[in-house]
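Below, each chain spelled out in residue letters.
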Amino acid sequence: MASDPESVNFLDLACLFKIGEDTTLERFGSVINASVFDAANITGSLKQKGLIDFTAYYPGPNSIVVTDAGKKLKADAEAKGAEPLDGLDEEILKQMSGGKRLPAELRSTLNIRAKDLAFRIYKLYKQSLLSYELKNGNVELMLTEQGFLKAKPAQAIHVPIPPTQNVQAAPAAKIQGVEKSGMAVQQDTGAAEIGQMASELKKPKRGKGRMVAAAVIVIVIVVAAVYYLSTQGLLPFTL
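This report concerns the structure included in the present document. (Residues numbered from 1 in each chain as written. Predicted model: local features only at pLDDT ≥ 70, side-chain atom pairs only at ≥ 80, totals over all residues. Heavy atoms only, no water.)

## A closer look at the overall build of the protein chain
Next up, step 1: In terms of regular secondary structure, the protein chain is built from ten helices and four strands.
Next up, step 2: In the protein chain, the succession of helices and strands from N to C terminus is α-α-α-β-β-α-α-α-α-β-β-α-α-α.
Next up, step 3: The 239 residues of the protein chain split such that 24% are buried.
Next up, step 4: When the accessible surface of the protein chain is split by element, carbon and sulfur atoms take 59% of a total near 16300 Å². (Helix = DSSP H or I, 4+ residues; strand = E, 2+ residues; numbered from the N terminus. Buried < 20%, exposed > 50% of the residue type's maximum accessible area, 1.4 Å probe, protein only. Areas by Shrake-Rupley, 256 points an atom, 1.4 Å probe, with all protein chains shown as cover.)

Listed below in structure tokens is the structure:
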């Protein structure tokens with residue numbers, strides 16, 4: 001039995017899923033991409049927590065067997081992996097999109113139990129929102145494209161659109177007003193000019209009439225003078 005079931009972390013869970021029926025203790029390091037020393041520490045931790053058991057034959061090979069507690073842990077993780085996402089899952093994705101790559105970093109930030117975090121990470125893995133890599137006795141987490149989009153959903157950019165009808169109508173109204181006022185001014189000016197011409201035509205042309213009268217008088221005087229001089233014999237011709 002596990003000495004501390006709640007101390008199970010995601011590294012334990014990930015390594016537990018790597019153990020198959022033909023996995024041996026001597027080759028376990030290559031299975032989890034770790035050195036012999038790191039593999040020995042991990043198998044020792046899994047055995048101490050009651051998740052695996054192995055034989056101790058020398059020189060080997062020694063088989064690794066998942067215990068009932070380990071099988072139950074795997075079954076619980078599979079069941080949790082089928083559940084829908086909730087706020088905590090989304091927060092884990094958010095923290096990962098901010099640069100968190102290790103389960104220990106997530107646990108320190110979120111302040112939750114290692115076992116609960118392990119189940120949550122496995123759920124995100126099962127739903128293709130993240131992937132993980134076992135390396136050098138540790139596990140690194142990476143978001144998938146789907147997980148990244150889930151962590152940072154595309155937000156619509158709200159661009160304030162001015163009231164185009166009012167904005168366009170106002171200048172149009174002003175322009176129309178200016179055009180109308182200009183047309184009114186032109187019409188008033190034209191009407192004034194036409195009125196002035198009409199008034200000029202209606203006025204009696206006094207200056208021109210006086211000139212005609214003066215010309216007539218001069219002609220009359222000239223005719224009279226010529227007639228008088230002709231009657232006196234002062235002209236070489238007579239009228």
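Still to come is the rest of the account.
## Describing the packing of aromatic side chains
Next up, step 1: Counting across every chain of the model gives four aromatic pairs.
Next up, step 2: With a centroid separation of 4.7 Å and 10° between ring planes, the pair formed by Phe-17 and Tyr-122 is classed as stacked. Pair noted here: Phe-17 is in helix α1 (residues 10-18) and Tyr-122 is in helix α7 (residues 114-126), with a separation of 105 residues, a long-range link.
Next up, step 3: For Phe-17, a relative accessible area of 24% gives the class partly exposed.
Next up, step 4: Ring pairs connect the aromatic residues Phe-10, Phe-17, Tyr-122, Tyr-125 and Tyr-132, which therefore count as one cluster.
Next up, step 5: Note that Lys-47 overlies the ring of Phe-54, its terminal NZ or CZ placed 5.2 Å from the centroid. (Phe/Tyr/Trp six-rings, centres within 6.5 Å; stacked < 30°, edge-to-face > 60°. Lys NZ or Arg CZ within 6 Å of the ring centre and 35° of its normal.)

## Considering the packing of α1 against helix α3 (residues 36-48)
Next up, step 1: It is the contact of α1 with α3, at a shortest axis distance of 11 Å, that shows an interaxial angle of 100°. Considering their axes alone, α1 and α3 lie roughly perpendicular with respect to each other. Two secondary-structure elements touch here, α1 through Leu-11, Asp-12 and Cys-15 and α3 through Ile-42, Ser-45 and Leu-46. (Axes fitted to C-alpha atoms, helices over the stretch in contact; angles between N-to-C directions. Parallel < 35°, antiparallel > 145°, perpendicular 65-115°, else oblique. Contact = heavy atoms within 4.5 Å.)

## Topic: the pattern of salt bridges
Next up, step 1: Overall, the coordinates contain ten salt bridges when judged by the stated rule.
Next up, step 2: Asp-86 is the partner of Arg-120 in a salt bridge, and the nearest nitrogen-oxygen pair spans 2.6 Å. Of this pair, Arg-120 sits in helix α7 while Asp-86 sits in the loop between α4 (68-81) and α5 (87-97), and the two are 34 residues apart along the sequence.
Next up, step 3: One salt bridge connects Asp-89 with Lys-123, and the closest N-O pair in it is separated by 2.7 Å. (Salt bridge = Lys/Arg side-chain N within 4 Å of Asp/Glu carboxyl O.)

## Looking at unusual backbone geometry
Next up, step 1: Between Tyr-58 and Pro-59 the backbone carries a cis peptide bond, its omega angle lying at 5°.
Next up, step 2: Tracing the backbone shows Pro-59 in the loop between β1 (52-54) and β2 (64-66).
Next up, step 3: In this structure, Asn-33 is a non-glycine residue whose phi angle is positive, near 60°.
Next up, step 4: Note on placement: Asn-33 falls in the loop between α2 (28-31) and α3.
Next up, step 5: On the basis of relative accessible area, Asn-33 is assigned to the partly exposed category, the value being 41%.

## Side note on the side chain of Thr-23
Next up, step 1: Among the structural elements, Thr-23 can be located in the loop between α1 and α2.
Next up, step 2: Within polar-contact distance, the side chain of Thr-23 engages the backbone nitrogen of Gly-20 at 2.7 Å.
Next up, step 3: Apart from the residues lying within four places of it in its own chain, the contact partners of Thr-23 are Lys-18, Phe-28, Asn-62, Ser-63 and Ile-64. (Polar contact = N/O pair within 3.5 Å; in protein donor to acceptor, adjacent residues only side chain to side chain.)

## Some points on the nonpolar core
Next up, step 1: Counting 38 residues, the largest nonpolar core has Phe-10, Leu-13, Cys-15, Phe-28, Ile-32, Leu-134 and Leu-141 as the members making the most contacts within it.
Next up, step 2: Sequence-distant contacts of Leu-13, that is, excluding residues within four places in its chain, are made with Leu-73, Ala-77, Ala-118, Phe-119 and Tyr-122. (Core = buried A, V, L, I, M, F, W, Y, C linked by side-chain atoms within 4.5 Å.)

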